Amino acid sequence: MSDLSTKIGRLTLQNPIMPASGTFSEDLAAVFDLDRIGAHVLKTITAETRSGNPTPRVCELPGGMLNAIGIPSKGIDYFREHALPFWARYSAPLVVSISAHSAAEFATLARAVSLPGVAAIEANISCPNIEADGKAFAMSPESTEAVMRALRGATDLPLWAKLTPNTGEPIEVAQAAEAAGADALVVANTVLGMAIDIESRRPRLGNVMGGMSGPAIKPIALRMTYQCARAVAIPVIGCGGIATLDDVLEFLIAGARAVQVGTETFRSPTVMLRLIEALDQWMAARGIGSLDQIIGTIAAEADEAARHWGAAS
Amino acid sequence: MFHDPLMPAAPRCAEVTAEVLSNSPVNGEYRLMELAAPPEVLECHPGQFFQLLCPTSGADQPYLRRPMSIYGYDAAAGRLQFLYKIAGAGTRGLATLRPGDGLNVLGPLGVGFSMPPEWRNLMLVARGVGLATLAPLAKLAQAEGRRLTAICSARRADLAMSTDLFRSYGAEVIVVTDADGSSSVESLRALIGGRIAAGQVDAFYTCGSSRLLRLLQELGAAHGIPGEIAMEQQMACGIGMCQACVRSFRVGDQIVQRRVCREGPVFPIAEAMA
Ligand SMILES: Cc1cc2nc3c(=O)[nH]c(=O)nc-3n(C[C@H](O)[C@H](O)[C@H](O)COP(=O)(O)OP(=O)(O)OC[C@H]3O[C@@H](n4cnc5c(N)ncnc54)[C@H](O)[C@@H]3O)c2cc1C
Ligand SMILES: Cc1cc2nc3c(=O)[nH]c(=O)nc-3n(C[C@H](O)[C@H](O)[C@H](O)COP(=O)(O)O)c2cc1C
Ligand code: FES
């Protein structure tokens, strides 16, 4: 047994494998013991109840899928009265993902979910900001900093900022989140995309556009993880297209302290368990005692080359 | 696994690799696949389904799993069956499987049919692959000593699925076809109406077709006959996590969203919306 534990700020996770928001729920308890994974990251909730987008809500692509689920939410009261008591039976840290349409609403919701039993708040700032014509907060450093400052003022819990790969300024956005008091970055959410049925000439998603996920986006998420890990001092959690042990290792080597597994859980609900076991065996076989011997160990040549691409700050 | 009145956890399911025993055409349109499956996936209930990880074949790269109703299961013999129609990339991949090949299956999933004791005379109405979904129900009805009438609808009589199977479970089988017009809504209304008048229908079971659904809703409301429908929706996870598979249901004067994979795929006929 190698030591798979990893620290995300003041939280220690027993291993670096956790689910991505929206691809995990209490229903997975029917498949395996949920206390074996590093943390429990819940589907994004909003303060109000919302019904989500029209169907079709998903469509399949080579190497991945598009989704426009929207954020159907049963609201904050349901979360307090039903979800929180359910998750209390587990010892894995509970990470609550929240979303809102303005910095002030975000802060109010963060305050409302800062409850015993909640280990961290993941701010899904990849969602539209109504104060910026629906542009996602995490598209620009300014709106990222504003919303993260409001959140910082509202809670003492560890705050994770979930970034979007759709920004052209990933480094500036990452630094803005750090400057505003984020404890960690989750890199990243889905890539905005679209698909059309050529026979009906209709968009394949009810919502027209949606978020791409799965192995096809891995290089994008890995690149952004690398950029962010070099640019900030706070921990980075990699996310996007992770399906195999090699994927996990690539993200760790690029600088992630932990990873989130999303869409692959739809293909194989037990994938997180397999990744934990495979990582353990891989480390044991190489005599690697702890994750620190892997995290951020990308070969030095990368640094020089990265400067040309603006990866360094 | 847990008994939380606030949030009941799903019944147990498992992801396993099953061995293909046979996989051959039943008629021009459908194939029957039989698998050797381990006991952890064989505590099934009629109306439940599996999510199949369909193999890639040539240009077809089905990425997500495909939902498939359980056509037959036998825990003692370690057998699991699916009846499917080739529709696209996923089912084309399924059709390439040969005896001895492995198939990764996840299940059993969802909530199946119920059969309250007061439902003595059952009427099953379905068409096409929908009959696959209802096959295990017929077996259960026989085991529970219920009287069963199966109305099997098809384009032509030779395409009517599973009629012998229904008969073997003691059902009275009525085949209705497009070819002779007997499958039309008017003909069915008369046929089913006659059975209701004779006191031969306590409950309906159906699946798929919105035409049949509307007819059974109308007859059910008029005569106070309950029933259940197995519904379909595009799925991603199949176990309740992603909320891709929601449909609208009418409950009292409210419209509510439910996940077909988790609250369903079986729902009260009266609440379903076509
Ligand atoms: C609960 C349930 C039980 C089912 N039982 C059976 C069965 O016993 N036998 C059978 O032949 N078919 C059944 N179906 C339909 C079957 O899942 C689809 O025919 C199959 O997914 C088509 O996949 P494909 O790749 O071959 O076709 P494609 O048309 O290429 O599929 C493209 C996409 O659409 C989705 N899709 C297409 N048709 C359907 C559909 N009717 N329902 C849900 N998703 C669909 C696929 O999952 C895929 O994501 C069932 C569906 C559900 C929801
Ligand atoms: C169906 C679906 C729903 C999702 N819902 C959310 C969500 O509510 N909040 C969020 O921050 N991310 C959500 N995501 C994004 C994932 O958390 C993850 O960032 C993304 O899918 C990339 O990882 P993957 O390729 O491993 O899936 C969702 C993704 C999918 C596929
Ligand atoms: S298919 Fe994911 S919730 Fe039903």
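Residues numbered from 1 in each chain as written. Chains lettered and ligands numbered in written order. Predicted model: local features only at pLDDT ≥ 70, side-chain atom pairs only at ≥ 80, totals over all residues. Heavy atoms only, no water.

Colleague: Requested: an account of the overall build of chain B, with residues and values cited.
Modeller: Across its full length, chain B carries 5 helices and 15 strands. Relative to the compact-globule value of 19 Å for 274 residues, chain B shows a C-alpha radius of gyration of 18 Å, a close match. Taking the principal axes of the C-alpha coordinates as reference, chain B spans close to 50 × 50 × 35 Å. Taken across its 274 residues, chain B has 54% of its residues classed as buried. Taking contacts inside chain B between residues at least 6 apart in sequence as the whole, the part at least 24 apart equals 65%. (Helix = DSSP H or I, 4+ residues; strand = E, 2+ residues; numbered from the N terminus. Rg over C-alpha atoms; globule rule 2.2 N^0.38 Å. Buried < 20%, exposed > 50% of the residue type's maximum accessible area, 1.4 Å probe, protein only. Contact = heavy atoms within 4.5 Å.)

Colleague: If you had to explain the overall build of chain A to someone new, which residues and values would you point to?
Modeller: Across its full length, chain A holds 9 helices and 18 strands. For a compact globule of 313 residues, the expected C-alpha radius of gyration is about 20 Å, and chain A comes in at 18 Å, within 12% of that figure. For the C-alpha atoms alone, the extent of chain A along its principal axes is close to 50 × 45 × 40 Å. Relative to its 313 residues, chain A shows a buried fraction of 59%. Across chain A, contacts joining residues at least 24 apart in sequence account for 70% of those joining residues at least 6 apart. Total accessible area computed for chain A in this model is approximately 12,000 Å², and 53% of it derives from carbon and sulfur atoms. In chain A, 25 side chains carry a positive charge and 32 a negative one; their mean positions are 3 Å apart. (Areas by Shrake-Rupley, 256 points an atom, 1.4 Å probe, with all protein chains shown as cover. Lys, Arg positive; Asp, Glu negative; His and termini not counted. Charge placed at Lys NZ, Arg CZ, Asp CG, Glu CD.)

Colleague: How would you sum up the interface of chain B and chain A? Please name residues and give values.
Modeller: Taken together, the contact between chain B and chain A spans 31 residues of the former and 43 residues of the latter. Overall, the association of chain B and chain A removes approximately 3,100 Å² of surface from exposure, summing both partners, and the carbon and sulfur fraction of that is 59%. At the boundary of chain B with chain A, the tally comes to 3 salt bridges. E60(A) serves as the salt-bridge partner of R66(B), at 2.8 Å between the closest nitrogen and oxygen. Joining chain B to chain A, the criterion identifies 14 residue pairs in polar contact (both at pLDDT 80 or more). A class-by-class count of the residues in the side of chain B that touches chain A yields 19 nonpolar, 5 polar and 7 charged. (Buried area = accessible area lost by both parts, 1.4 Å probe. Salt bridge = Lys/Arg side-chain N within 4 Å of Asp/Glu carboxyl O. Polar contact = N/O pair within 3.5 Å; in protein donor to acceptor, adjacent residues only side chain to side chain. Nonpolar A, V, L, I, M, F, W, Y, C, P; charged D, E, K, R; others polar.)

Colleague: Describe the site of ligand 1, naming the residues involved and giving the relevant values.
Modeller: All names here are of chain B. Every one of the 18 residues lining ligand 1 counts as a neighbour, but R66, P67, G90, T91 and E232 are closest to it. R66 is positioned with one of its side-chain polar atoms (N or O) 2.7 Å from an oxygen atom of ligand 1. A89 has a polar backbone atom sitting 3.4 Å from an oxygen atom of ligand 1. In isolation ligand 1 exposes 830 Å². Once the protein is present, 80% of that is buried. Among the elements that take part in the shell around ligand 1, strand β4 (residues 66-69) stands out by supplying 4 residues, more than any other. Split into classes, the residues belonging to the shell around ligand 1 amount to 9 nonpolar, 6 polar and 3 charged. (Near = heavy atom within 4 Å.)

Colleague: So what about the environment of D180(B)? Which residues, and what values?
Modeller: Residue and element names in this part refer to chain B. On the secondary structure map, D180 appears in the loop between β10 (172-177) and α4 (185-197). Take D180: its relative accessible area is 56%, and that puts it in the exposed class. Considering only alpha carbons, one finds D180 and F50, 130 residues apart in sequence, at a separation of 35 Å. In this structure the side chain of D180 is engaged in a polar contact, spanning 2.8 Å, whose partner is the side chain of T177. A polar atom in the side chain of D180 sits 2.5 Å from the side chain of S182.

Colleague: Let's hear about the sheet that holds strand β18 (residues 258-261) of chain A: which residues, and what values?
Modeller: All names here are of chain A. Read across the sheet, 8 strands follow the order β3-β18-β17-β12-β11-β8-β7-β4 without closing on themselves; strand pairing throughout is parallel. The open sheet is flanked by β3 (17-19) and β4 (40-41), the only strands paired with a single partner. Sheet topology note: the β4/strand β7 (residues 94-98) ladder contains 2 bridges and is parallel. Pairing of H40 across the sheet is with L94, part of β7. The sheet strands contacting helix α2 (residues 103-113) are β7 and β8 (120-124), and the helix crosses β7 at an angle near 155°. (Pairing = 2+ DSSP bridges. Axes fitted to C-alpha atoms, helices over the stretch in contact; angles between N-to-C directions.)

Colleague: I'd love a proper account of the sheet that holds strand β9 (residues 147-154) of chain B, names of residues and values included.
Modeller: Residue and element names in this part refer to chain B. Pairing is mixed in the open sheet, where 6 strands are placed in the order β10-β9-β8-β11-β12-β15. Every other strand in the sheet has two partners, leaving β10 and β15 (266-268) as the edge strands with one partner each. When the angles between neighbouring strand axes are averaged without regard to direction, this sheet yields 20°. Where strand β8 (residues 121-127) lies against β9, 7 bridges are found, and the strand directions are parallel. Along β9, the bridge assignment pairs A126 with C152. Lying on the sheet, α4 is in contact with β8, β9, β10 and β11 (203-207); it crosses β10 at an angle near 160°.

Colleague: So what about a nonpolar patch on the surface? Which residues, and what values?
Modeller: All names here are of chain A. Together, L192, M194, I196, V208 and M209 make up a nonpolar patch on the protein surface, roughly 460 Å² of accessible area in all. Among the secondary structure elements, L192 is positioned in strand β13 (residues 191-194). The class for L192 is exposed, based on a relative accessible area of 55%. (Patch = residues over 30% accessible without salt bridge, like charges linked within 9 Å, V, L, I, M, F, W, Y side chains within 5 Å.)

Colleague: Run through helix α4 (residues 170-179) of chain A, naming residues and quoting values.
Modeller: Residue and element names in this part refer to chain A. The set of residues buried in α4 consists of P170, I171, V173, A174, A176 and A177. Looking at the buried positions of α4, the neighbouring elements they touch are α3 (141-154), β11 (159-162), β12 (184-187) and α5 (218-231). Just past α4, the residue G181 takes up positive phi, approximately 110°.

Colleague: So what's going on with the environment of H223(B)? Residues and values would help.
Modeller: Residues and elements named next belong to chain B. Looking at the secondary structure, you find H223 in helix α5 (residues 210-223). The partly exposed category is assigned to H223, whose relative accessible area is 44%. As for H223 and Q48, which are separated by 175 residues in sequence, their C-alpha atoms are 28 Å apart.

Colleague: Describe in detail the environment of A222(B), supporting the description with residues and values.
Modeller: All names here are of chain B. Positionally, A222 belongs in helix α5. According to the relative accessible area criterion, A222 is exposed, its value standing at 58%. Residues A222 and R247 lie 25 residues apart in sequence; the distance between their C-alpha atoms is 25 Å.

Colleague: Describe the side chain of E264(A), naming the residues involved and giving the relevant values.
Modeller: As for its placement among the helices and strands, E264(A) is situated in helix α7 (residues 264-267). Residue E264(A) is classed as buried on the basis of its relative accessible area of 11%.

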